[in-house]
Amino acid sequence: MKVLITGGAGFIGSHLADRLLDRGEEVLVIDNYATGRRDNLSPRSNLRVVEGTIADRDLVFRLFEEFKPDWRRPRSRFLQRSGQLGGGLQDHTLGSAVVSRHR
């Protein structure tokens, strides 16, 4: 199965990616590293990591067309204190809409 994970370098996304990779799934991660960490994901043959924001409509659409995921998992975001939202609530909301619209 091909799985797209947005925010995959974060705590939750990276653990999900590891589990899927251990099962032999092919995983594409999109992350802007606003709150995620590069060292949360180790290089693996069936993992592709793209640095970018899900608010970038053209990037998201291009990656969907190239990768053709069977499943996508938008990053989980718990509302946190102001200033901890990395790219900002507006970027997160816009990016989630872009990922959700591409079906």
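Here the structure is shown first, and the text comes after it.
Please read all numbers here as calculations on a predicted model, not as lab measurements.

(A) Summary view of the environment of Thr53. Structurally, the position occupied by Thr53 is in the loop between strand E3 (47-51) and helix H2 (57-67). A relative accessible area of 28% means that Thr53 is categorised as partly exposed. Taking C-alpha positions, Thr53 is 8.9 Å from Gly7, a pair spaced 46 residues apart along the chain. Other than its neighbours up to four places away in sequence, Thr53 contacts Asn32, Leu59 and Val60. There is a polar contact of 3.0 Å between the side chain of Thr53 and the backbone nitrogen of Ala55.

(B) View of unusual backbone geometry. Despite not being glycine, Tyr33 has its phi angle at roughly 60°, a positive value. In this structure, Tyr33 sits in the loop between strand E2 (26-31) and E3. With a phi close to 50°, Lys68 is a non-glycine residue in the positive phi region. Relative to the assigned elements, Lys68 resides in the loop between H2 and strand E4 (71-73).

(C) Examining the pattern of salt bridges more closely. Tallied over the entire structure, the rule returns seven salt bridges. One salt bridge connects Arg23 with Glu25, and the closest N-O pair in it is separated by 3.0 Å. A salt bridge links Arg62 to Glu66, with the shortest nitrogen-to-oxygen separation between them at 3.1 Å. Placement of both Arg62 and Glu66 in helix H2 is noted, with a separation of four residues, approximately one turn of the helix.

Calculation criteria
In every chain, residue numbers begin from 1 and rise along the written sequence. The model is predicted, so local features are restricted to residues of pLDDT at least 70 and side-chain atom pairs to those at 80 or more, both for listing and for counting; the totals for chains, interfaces and linings are taken over all residues. To obtain the side-chain values, all non-hydrogen atoms of the structure were used and water was disregarded. Note on conventions: DSSP H or I runs of at least 4 residues are helices, E runs of at least 2 residues are strands, and numbering of each starts at the N terminus. With a 1.4 Å probe rolled over the protein chains alone, any residue whose accessible area is under 20% of its type maximum counts as buried; one over 50% counts as exposed, and the rest are partly exposed. A contact between two residues is defined here by any heavy atoms of the two lying within 4.5 Å. Polar contacts here mean pairs of N or O atoms no more than 3.5 Å apart (in protein, one a potential hydrogen donor and the other a potential acceptor; neighbouring residues in sequence count only if both atoms are side-chain atoms). The salt bridge definition used is simple: a Lys or Arg side-chain nitrogen within 4 Å of an Asp or Glu carboxyl oxygen.

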